[in-house]
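# Inside the fold
Each chain, letter by letter, is given below.
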Amino acid sequence: MKLNYFKSKLFQKYTWSYLFMLLVPLALLSVFIYNSAVRNLRSEIEQSHLNQLTQAKTIVDSHVQQLSDIASRVAYDDQLARYRVHDPYYSLEAINALKNYKATSPIIGEMFLYFHGDERIYSTAGMTSLDVFHDHYHFLNWDGPALVEELNSTKFPVIHSTEMLNQNGTIQQSVLAYLVPITPNNPNPHGTLMYLIPKTEMTRLIDTILGNYEGSSYIFDNHGRVMASKNNQDQPLQGSDLQQLVALSTGIHSIELGGVSHSVVSVKSDTNGWEYVTLMPSSQFLDSVMHLRSLMALLLAVLTVVGTLAALILARRQLHPILDLVKFADSKSKPGVLEAKPRKAGNELDRIRTALQEYSSRADLQEPYARNHFLLMLLKYGNARSLMPELLNSLEINLNKAHYFAMVIGRDEAAKSRLNSHDWQEMIGRLAKAEIPEYSACLYSVELPKPRQIALIVGFDKLESMSGPDQFRRIVHRIHDNLLEQFRIDPAIGVGTYYNDPDQLNQSFIEACSAFESRMFTGHGSITYFEKLSHVAGETSWVPKNELLKLSQSLKQGSYEVAAQTIGESMKVLQNPELSVEMKRCISFDILNTILRTGMEMEIRDWTYEIPSSDAFNSLQELERHFLSLASRICELALHNERKEEHSLMDRIIAYIDSNYMDHSLSLEAISCKYSISVSHFSRSFKDQMGINFVQYIWQKRMMAVMNDLTSTNDPLKDIIQRVGYLDTPNFIRKFKKETGLTPGQYRKLYSQVESSEPAVSESVDVG
């Protein structure tokens, strides 16, 4: 079945994360590029308008200057002298001369020549009296007398913006009336030359230069009056807005006109003070970049599609190993008894986190037992150097000291009365990992299978201020004094020899066990050193007494390695050339008797055929080989009997638990005390044989009993729970629902095989 990734919340989360990482920078980059492009394009357009408007200003100024030049030439043209103009013979030449001057400027609509005090006025159409002129030309807000007055009084060039009206008074044309005195720059001019310039010519001239400019354009004179304009605005500009335009300096500006942001280009003429202005609403610039905006939108859409595909691919690749971990976690998880439905977390990481928390809880629960088991194997078999450093670090065991030895600590019945099981476990916990800084020593406690015995692994670095043996004894006495001070007991302690290698801890442990069993020589509550056992009064053997005790103890422990080494050390005594043959045979019988006596004490049978014959005593090598073979056989049988006895004991314990699991007082400590084994040894052995720990086993037995009673009886839930040995009813209900997904009441309704005669449990109790 193919996995549907889109149903995974984690896959969706990764996909959105990648999309966010991609699209946010992409959107910001697109906005930045778009705005930058718009600004650059707008700047280019405005700069182009400025250059074009400057060109238009130059051309208009040149045309206006040309009008002044025409006036100067007219003033000195003999054909247009007053007497010749008035002469009927030369008047036609004067009219033709005016036509020629008019033709030199494209902006002149008509031009008039007037001499001060004259009743006539001349134009390219001919001579006309003032009355006829007034009848033909009508100007808005500029009547005939005012016009004649200005024609007679003008001493400086002046321009008027006005409207030409037709006979019925409607506007016919907007024009500029440009009056230039002749002779120009003369304080006493004798006439006036008036040009009529259509405003459309001015705006056409500007439009020709600006090209397809879609904005508005204005020409202001040096008094701020509008000379010509082309307004493309929806609403014409008011007076205040026009004054705002007049006040601008040459350049590009961004101002608000009528509440709308505009881009304005202004140029002022240095010749006549006129101002040329173009303006366009800023929003119209977006129309100029529509193709850019469309391109950016298309590019963004393409990148979004590609980014989405990339996000899906990356999210899937990232999710794949996580799904493998989820499958592994699900395969290793242990569902509750008859669990109705699997427990699901929010997403895959939550499920992995939950599994890790469960594993961590199990590891934390089993770590003390695993640590104790590891140290116990170290005491039995040694080989500390072959262990992986990772394993030692995980169990927080450090074997980097220079010297190591083992101790066995026990309490007798008298001490037991003063030290209960809880205090004994507390003592073991305090000694689990302790230090004696003044002697550079550290120690680890190991709970032995026997219920009233523990072992200590002690490591220390030699101090320069004292000898090794002295430091060794002081460490032992400090441990004894601390036990006496903190727990008020005087335990029996057996101490093995200290070695320079932790691989020899098994030998030190055998020696400590031998010293502990030989404590009868020193009395109750004493410290017995293995090295001092050879000095016990009455010892006559050439093989030291402690070596024989060590041999016996190694056989009992099933430690063939230590037994073989001890036999080798004992056989060295027989290599003494000063001993007679008879004495060597006696010493050999002493070693053999130690081996045979130990086997008999262990109730090992069917091995007498392996006892060496008298012929074996003719060669020390052959004798040692027989001793080693006999020791190997005894160690093998000892380990076999130990395993057999342990399985038999565990079978009896499990049978006892199956019969008494409803007893609320049933516990690890109670069973350990009943069968005379240590708590840690019992817990470890139970887990090895059953596959689950003691607490889980009891819980499952009680759960099965409750389920059976729920479906086969109508007994109240509280009575059922208490009957199986669980006193905390609300806590049981919570655990029951966590295991099955149902409350006990719901479970009874769903699976009950009998009709309920009364409510199974009240709402106040049956809560999940």
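Residues numbered from 1 in each chain as written. Predicted model: local features only at pLDDT ≥ 70, side-chain atom pairs only at ≥ 80, totals over all residues. Heavy atoms only, no water.

## Regarding the overall build of the protein chain
Under the convention used in this document: Helix and strand definitions here come from DSSP, where helices need a minimum of 4 consecutive H or I residues and strands a minimum of 2 consecutive E residues; each element is numbered from the N-terminal end. In this scheme, a residue with accessible area under 20% of its type's maximum is buried, one over 50% is exposed, and one in between is partly exposed, where area comes from a 1.4 Å probe on protein chains only. The contact rule is simple, with two residues in contact once any of their heavy atoms fall within 4.5 Å. In this description, accessible areas are obtained by the Shrake-Rupley approach with a 1.4 Å probe, and a residue is regarded as covered only by the protein chains that are shown.
What the protein chain contains, in helices and strands, is 25 helices and 18 strands. Relative to its full complement of 768 residues, the protein chain shows a buried share of 45%. Within the protein chain, residue pairs in contact and separated by at least 24 positions form 63% of the contacts whose partners lie at least 6 positions apart. Accessible area for the protein chain stands at about 40,100 Å²; split by element, carbon and sulfur atoms hold 54% of it.

## Notes on the packing of helix α22 (residues 694–712) against helix α25 (residues 744–751)
Our working rule: Here an angle of 0 to 180 degrees is reported between the N-to-C directions of two axes, which are lines fitted to C-alpha atoms, with helices fitted over the stretch in contact. Roughly parallel here means an angle under 35 degrees, roughly antiparallel means over 145, roughly perpendicular means 65 to 115, and every remaining angle is called oblique. Each helix crossing is assigned a hand: it is left-handed if the near helix lies turned anticlockwise from the far helix by less than a right angle, otherwise right-handed if that turn is clockwise. Nonpolar residues are Ala, Val, Leu, Ile, Met, Phe, Trp, Tyr, Cys and Pro. Charged residues are Asp, Glu, Lys and Arg, and all others, Gly as well, are polar.
Packing of α22 against α25 leaves a shortest axis separation of 8 Å and a crossing angle of 55°. Taken together, the axes of α22 and α25 lie oblique to each other. The handedness of the crossing between α22 and α25 comes out as right-handed. Each of Met707, Asp709, Leu710 and Thr711 in α22 lies in contact with α25, whose residues at this interface are Pro744, Tyr747, Arg748 and Tyr751. Residue composition of the contact of α22 with α25, grouped by class: 5 nonpolar, 1 polar and 2 charged.

## Brief notes about the side chain of Asp77
Note the following rule: Here Asp and Glu are counted as negative and Lys and Arg as positive; His is not counted, and neither are the chain ends. We define a salt bridge as a side-chain nitrogen of Lys or Arg found within 4 Å of a carboxyl oxygen belonging to Asp or Glu.
Structurally, Asp77 can be placed in the loop between α1 (9–75) and α2 (82–86). For the buried Asp77, which has no salt bridge, the nearest side chain bearing the opposite charge is Arg84, at an N-O separation of 7.0 Å. Residues in contact with Asp77, not counting those within four places in the same chain, are Ala97 and Tyr101.

## Remarks on the side chain of Asp241
As for its placement among the helices and strands, Asp241 is situated in helix α7 (residues 239–246). According to the relative accessible area criterion, Asp241 is buried, its value standing at 12%. What Asp241 contacts, discounting residues up to four positions off in sequence, is Leu257 and Gly258.

## As for the sheet that holds strand β4 (residues 138–139)
Our working rule: The criterion for strand pairing is that DSSP finds at least two bridges linking the strands in question.
If you trace the 7 strands from one edge of the open sheet to the other, you get β3-β2-β1-β7-β6-β5-β4, paired in antiparallel fashion. The outermost strands of the open sheet, each flanked by one partner alone, are β3 (126–129) and β4. Relative to strand β5 (residues 158–165), β4 runs antiparallel, the two sharing 2 bridges. Bridging from a neighbouring strand, His138 pairs with Leu165 of β5. On top of the sheet, α1 reaches β1 (110–115), β6 (171–182) and β7 (191–198); it is set at about 150° to β7, its chief contact.

## Focus: the pairing of strand β10 (residues 251–257)
Residue alternation in β10 divides its side chains into a buried set, Gly251, His253, Ile255 and Leu257, and an unburied set, Ile252, Ser254 and Glu256. Here β10 pairs with strand β11 (residues 260–268) via 7 bridges, running antiparallel. Along β11, the bridge assignment pairs His253 with Val264. Here β10 folds back onto β11, and the loop between the two strands holds 2 residues, one of which, Gly258, carries a positive phi near 65°.

## What to know about the layout of surface pockets
The criterion, for reference: Within this scheme a cavity is a closed region of a 1 Å grid, computed over the protein atoms alone, that accommodates a 1.4 Å probe without allowing it to escape, whereas a pocket is open but has protein on both sides within 12 Å along at least five of seven lines; lining residues each have an atom within 4 Å of a point. Grid points are joined across faces, edges and corners, and a volume is the space filled by probe spheres set on the points.
Of the volumes computed, that of the largest pocket is approximately 990 Å³. Taken together, 27 residues line the largest pocket, and the ones lying closest to its centre are Lys450, Lys556, Gln557, Glu642 and Glu645. Where the lining of the largest pocket is concerned, the elements lending two or more residues are α10 (348–381), α15 (505–517), α16 (545–557) and α19 (620–660). Top element by residues in the lining of the largest pocket is α19. It accounts for 7 residues. In the lining of the largest pocket, the residues fall into 12 nonpolar, 6 polar and 9 charged.

## Some points on unusual backbone geometry
With an omega dihedral of 0°, the bond running from Ile182 to Thr183 counts as a cis peptide bond. Locating Thr183 in the fold gives a position in the loop between β6 and β7.

## Looking at helix α21 (residues 679–690)
Note on helix geometry: an α-helix contains 3.6 residues per turn, so any two residues three or four positions apart are oriented the same way. To keep it simple, the criterion reads: The length a helix should cover is 1.5 Å for every residue beyond the first.
Across its 12 residues, α21 extends 16 Å between first and last C-alpha, which sits within 8% of the 16 Å expected from 1.5 Å per residue. Looking at the residues trailing α21, positive phi occurs at Gly691, about 85°.

## Considerations on the packing of aromatic side chains
As a reminder of what qualifies: When the centres of two rings from Phe, Tyr and Trp lie within 6.5 Å, Trp using its six-membered ring, the rings pair. Their planes under 30 degrees apart give stacked, over 60 give edge-to-face, and anything left gives tilted. Counted as over-ring charges are cases with an Arg CZ or a Lys NZ within 6 Å of the ring centre that also lie within 35 degrees of the ring normal.
For the coordinates displayed, the defined rule picks out 20 aromatic pairs. Each ring, one from Phe686 and one from Phe694, has its centre 6.0 Å from the other, and the planes form 75°; the classification is edge-to-face. Here Phe694 falls in the buried class, since its relative accessible area comes to 6%. Arranged with centres 5.1 Å apart and planes meeting at 55°, the rings of Trp699 and Phe732 form a pair that is tilted. Placement of Trp699 in helix α22 and of Phe732 in helix α24 (residues 729–740) is noted, with a sequence separation of 33 residues between them. Accessibility expressed as a relative area gives 0% for Phe732, which makes it buried. Over the ring of Trp699 we find Lys735; its NZ or CZ atom is 4.2 Å from the centre of that ring.

## Focus on the pattern of salt bridges
Under the definition given, this model contains 13 salt bridges. Glu438 serves as the salt-bridge partner of Arg478, at 2.0 Å between the closest nitrogen and oxygen. Of this pair, Arg478 sits in helix α14 (residues 468–487) while Glu438 sits in the loop between β14 (434–436) and β15 (441–447); the two residues are 40 residues apart in sequence, bridging distant segments of the chain. Across the pair Asp715 and Arg723 runs a salt bridge whose closest N-O atoms are separated by 3.3 Å. Accessibility expressed as a relative area gives 29% for Asp715, which makes it partly exposed. Judged by relative accessible area, Arg723 falls into the partly exposed class, the value being 37%. One network of salt bridges, in which partners are shared, links Asp709, Asp715 and Arg723.

## Digging into the packing of α15 against α16
Relative to each other, α15 and α16 sit at 110°, their axes nearing to 8 Å. Here α15 is positioned roughly perpendicular relative to α16, judged by the angle of their axes. Of the residues in α16, those touching α15 at Gln507, Phe509, Ile510, Glu511, Cys513, Ser514 and Glu517 are Leu549, Lys550, Gln553, Ser554, Lys556 and Gln557. Of the residues assigned to the contact of α15 with α16, the class counts are 4 nonpolar, 5 polar and 4 charged.

## Focus on the environment of Met707
Looking at where Met707 falls in the secondary structure, it is placed in helix α22. Residue class for Met707 comes out buried when judged on its relative accessible area of 3%. Each C-alpha atom, one on Met707 and one on Tyr747, is 8.1 Å from the other, the two residues being 40 residues apart in sequence.

## Quick look at the pairing of strand β2 (residues 120–123)
Pairing geometry for β1 and β2, over 2 bridges, is antiparallel. Looking at the pairing, Phe112 lines up with Ser123 of β2. As consecutive antiparallel partners, β1 and β2 are separated by 4 residues, and within that stretch Gly117 has a phi angle of approximately 75°, a positive value. In terms of strand pairing, β2 meets β3 through 4 bridges, oriented antiparallel. Across the sheet, the residue bridging to Ile121 is Thr128, located in β3. In this antiparallel pair of consecutive strands, β2 and β3, the connection spans 2 residues.

## Some points on the confidence of the model for the protein chain
Worth spelling out the cut-off: Looking at any residue, its pLDDT shows the predictor's confidence there, from 0 to 100.
Confidence along the protein chain averages 78 in pLDDT terms, with 84% of residues attaining 70 or more. Low pLDDT, under 50, characterises residues 335–345; the predicted model gives this stretch 23 contacts beyond four residues in sequence or across chains. The model gives residues 756–768 a pLDDT under 50, and that stretch makes 21 contacts with residues more than four places away or in other chains.

## Quick notes on the sheet that holds β10
Strand order in this open sheet of 5 strands is β9-β8-β12-β11-β10, and the pairing throughout is antiparallel. One side of each edge strand has no neighbouring strand; the edge strands of this open sheet are β9 (226–230) and β10. With direction set aside, neighbouring strand axes in the sheet form an average angle of 20°. Pairing between strand β8 (residues 216–220) and β9: 4 bridges, direction antiparallel.

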